[in-house]
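This is what each chain is made of:
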Amino acid sequence: MATPVLTASDVSKRFGPVQALRGVDFHVGPGEVHALLGINGAGKSTFIKILSGIIQKDGGTLTVAGREVHFRTPEDAIRAGIATVQQHPELVADMSGLDNIFLGRETAGRGLFARIDRAALEARAEALLARFAVPLDLRQEVGQMSAVEREAVAILQALAVDGIRVLILDEPTSTLTEVEREDLFALMNQLKTRGISIIYITHQLEEVFAIADSFSVFRAGTCVARMSVAEARESRVSLAELMLGEAVGDVFPPKAGAPAGEALLELEGLGRPHEFTDISLQARRGEILGIFGLVGSGCDELSKTIFGALPAARGTIRVHGREVALRSPRAALDAGIFLVPGDRRSEGLALSRPALFNVPLANLRRASGGFWALRRGRLRRDAQELTRQVALHPPSLTTPASGFSGGNQQKIVLAKGLYSEADIYIFVEPTVGVDIGARAKIYAQMRALARTAAVVVISSDCDEVHGVADRTVALHKGRLVAPGARGFSRDDLLMAGIMGEVAA
Ligand SMILES: Nc1ncnc2c1ncn2[C@@H]1O[C@H](COP(=O)(O)OP(=O)(O)OP(=O)(O)O)[C@@H](O)[C@H]1O
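Residues numbered from 1 in each chain as written. Predicted model: local features only at pLDDT ≥ 70, side-chain atom pairs only at ≥ 80, totals over all residues. Heavy atoms only, no water.

S.K.: Any chance you could explain the overall build of the chain here in plain terms?
M.R.: A tally of regular secondary structure across the chain gives 19 helices and 20 strands. Evaluated residue by residue, the chain yields a buried proportion of 50% over its 504 residues. Looking at the chain as shown, the accessible area adds up to about 22,300 Å², and 50% of this sits on carbon and sulfur atoms. (Helix = DSSP H or I, 4+ residues; strand = E, 2+ residues; numbered from the N terminus. Buried < 20%, exposed > 50% of the residue type's maximum accessible area, 1.4 Å probe, protein only. Areas by Shrake-Rupley, 256 points an atom, 1.4 Å probe, with all protein chains shown as cover.)

S.K.: What is the right way to look at the site of the ligand in this model?
M.R.: If you check the shell around the ligand, you find 18 residues, and the closest are Gly41, Lys44, Ser45, Thr46 and Ser405. In this structure, Asn40 approaches the ligand through a side-chain N or O atom, which is 2.9 Å from an oxygen atom. In the model, an oxygen atom of the ligand is placed 2.5 Å from a nitrogen or oxygen of the Ser45 side chain. Summarising the interface, the protein chains cover 84% of the accessible area of the ligand, which totals 640 Å² for the free molecule. (Near = heavy atom within 4 Å. Polar contact = N/O pair within 3.5 Å; in protein donor to acceptor, adjacent residues only side chain to side chain.)

S.K.: Which parts of the structure should I look at to understand the pattern of salt bridges?
M.R.: Scanning the entire structure with this criterion turns up 16 salt bridges. The partner of Arg285 in a salt bridge is Glu262, with the nearest N and O atoms 2.9 Å apart. Note that Arg285 is positioned in the loop between β12 (276–284) and β13 (288–292) and Glu262 in the loop between α9 (239–244) and β11 (263–272), a separation of 23 residues in sequence. Between Lys304 and Asp300 there is a salt bridge whose closest N-O contact spans 3.1 Å. Placement of both Lys304 and Asp300 in helix α10 (residues 299–306) is noted, with a separation of four residues, approximately one turn of the helix. When salt bridges that share partners are traced, they join Arg181, Glu206 and Glu207 into one network. (Salt bridge = Lys/Arg side-chain N within 4 Å of Asp/Glu carboxyl O.)

S.K.: What am I meant to see in the pairing of β13 here?
M.R.: Along a regular strand, successive side chains alternate from one face of the sheet to the other. Where burial is concerned, most of β13 is hidden: five out of the five residues are buried. Pairing of β13 with strand β18 (residues 454–459), which is carried by five bridges, proceeds in the parallel orientation. Within β18, the residue paired with Leu289 across the bridge is Val456. For β13 and strand β19 (residues 471–476), the ladder comprises four bridges, and the chain directions are parallel. Residue pairing across strands places Ile291 opposite Val473, the latter belonging to β19. (Pairing = 2+ DSSP bridges.)

S.K.: Can you walk me through a nonpolar patch on the surface in this structure?
M.R.: Residues Met495, Ile498 and Met499 make up a contiguous nonpolar surface patch of about 240 Å² in total accessible area. Mapped onto the fold, Met495 is located in helix α19 (residues 490–499). The class of Met495 is partly exposed, set by a relative accessible area of 35%. (Patch = residues over 30% accessible without salt bridge, like charges linked within 9 Å, V, L, I, M, F, W, Y side chains within 5 Å.)

S.K.: So what exactly am I meant to see when it comes to the sheet that holds β13 here?
M.R.: What holds strands together in a sheet is hydrogen bonding between their backbones, with the strands either parallel or antiparallel. The strand order β16-β17-β18-β13-β19-β20 describes an open sheet built from six strands, whose pairing is mixed. Whereas interior strands pair on both sides, the edge strands pair on one side only; in this sheet they are β16 (337–340) and β20 (479–481). Going across the sheet, the axis of each strand differs from the next one's by a mean of 20 degrees, ignoring polarity. Across the face of the sheet, α19 comes into contact with β13, β19 and β20 while running at roughly 20 degrees to β19. (Axes fitted to C-alpha atoms, helices over the stretch in contact; angles between N-to-C directions. Contact = heavy atoms within 4.5 Å.)

S.K.: How should I be thinking about the sheet that holds strand β15 (residues 322–324) in this particular structure?
M.R.: With antiparallel pairing, four strands are arranged side by side in an open sheet as β12-β11-β14-β15. The open sheet is flanked by β12 and β15, the only strands paired with a single partner. When the angles between neighbouring strand axes are averaged without regard to direction, this sheet yields 25 degrees. As judged from the six bridges shared by β11 and β12, these two strands associate in the antiparallel manner. Bridging across to β12, Ala263 finds its partner in Arg284. Each of β11, β12 and β14 (314–319) is contacted by α10, which is oriented at about 120 degrees to β11, the strand it contacts most.

S.K.: Even after reading the chapter, I still don't get the pairing of strand β1 (residues 6–15), so can you show me in this structure?
M.R.: Relative to strand β4 (residues 59–64), β1 is paired through five bridges, and the arrangement is antiparallel. Opposite Thr7, over in β4, you have Thr63 as the bridge partner. Pairing between β1 and strand β2 (residues 18–28): seven bridges, direction antiparallel. By the bridge assignment, Thr7 is partnered in β2 with His27. Counted along the chain from β1 to the antiparallel partner β2, the turn is two residues long, and its residue Gly16 has a positive phi close to 50 degrees.

S.K.: Explain the nonpolar core here, please?
M.R.: Across soluble globular proteins, nonpolar side chains show a tendency to be buried alongside one another. Core analysis: the largest hydrophobic core is formed by 85 residues, its most contacted members being Leu167 and Phe215. It is helix α5 (residues 147–159) that provides the largest number of residues to this core, a total of nine residues. When residues of this core are assigned to domains, at least three fall in each of domain 1 (6–244) and domain 2 (263–499). With near-sequence residues (within four places) excluded, Phe215 lies in contact with His34, Ala35, Leu37, Val208, Ala225, Arg226, Met227, Ser228, Val229, Ala232, Leu239 and Leu242. (Core = buried A, V, L, I, M, F, W, Y, C linked by side-chain atoms within 4.5 Å. Domains from an automatic or database assignment.)

That is the geometry; function is a separate question.
Okay, structure coming up:
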């Protein structure tokens, strides 16, 4: 085996009472694409933060090309040849790709990389790009770029420093469409042929077989398995079982047993210019309605319109058969509609506040009845029960939301939705960044909600929509694509969402 580029031995890290990492052994070889797997809270982000110098380990050693290194700052890691692209790279939308790459290099190292030859940097970015399969105009403003183009800019920004040998990508595909994902993989393969090692966090297990050479599985802060993908294929190991430490059943709960009841939410001819047109559909009590739409299909705007965050230009919304004017999210909540947003960072959570605060936000009425002491007791009991239902880990109500891993933050948003006792639940991209074990629990909760309410799942993950919903439609370029009488098969739904066509 070639000498590893990067090795971690016996690495540990504690946050107050939480032992986030213990005795982690890890290595990655030159030009290797190595997937880092683990359920939410397993310690992946903590480990990555240590490798990129954002936080410091409590114990253990790191070596790069056989030499021990000590990272006190992100610049130390970059200097040693380790660059990281965060899950949501901070790019400046109204600057060009090139300016962003340049800016990244300027700010990456302060004094360290102070003298930069902009022309040389541009030439280098263009040269790197020329080898990629992704056609990308770096002179375009980043705000005009697609998600994969932005990811490419962030990668070029990370590589703009001399001597980068390890590139860390934190869930880069979570906002990409299937086609864009292929583009990103092409780009990763190119980097690999240039000898760059890639450490890659993902919750999409099929991606491991599509792009990785090897993988490590973290569980409860320890690396419990390291294997080549070839070995895993041959021995037919279940990645999900390695991650969870137990056998995995079906992720999706059974479909509704009984026919759906009355229509609780009806949209008729709903539209907003350039976003979506003539949307008519019903969500009924007792069913999960699935809407599959790619990024940019209008799904996001449609969900915001139903939740009163965007005004409808045309059409009507009826709740319980009565027309409603949803001028604000508050009005939507009062009408019995609850939206669990896809972007928990900007829309769903007060990050600095504890879980206990976040959960009852949506239903202050329920939380505010009765005497103060009674109220507090009830709030705590309700919040405890809800966090148990969504399997929040750790099950702490006092930890600030920001102290939870990404997937667990999504569970807090979900608990908030459950507390709202709505009639109509709308889930947008409900399981982005959520591990397979928690996904099964979230889907089971949706099924439980659908016993008495109408549940709408809006997602760009076709398998999710098809797997969880009783009835599915697709949104393509702002238009609804509905199936024939027999409903969509998984492949037909995919076609409808990508091409806007219904199979004959
Ligand atoms: N700043 C912090 N303060 C307190 N606890 C933290 C902090 N950061 C992480 N933790 C805890 O450390 C553990 C590991 O979290 P980490 O974010 O590394 O998990 P992860 O594997 O990246 O999860 P996910 O897939 O959800 O992103 C969790 O129990 C988490 O709650």
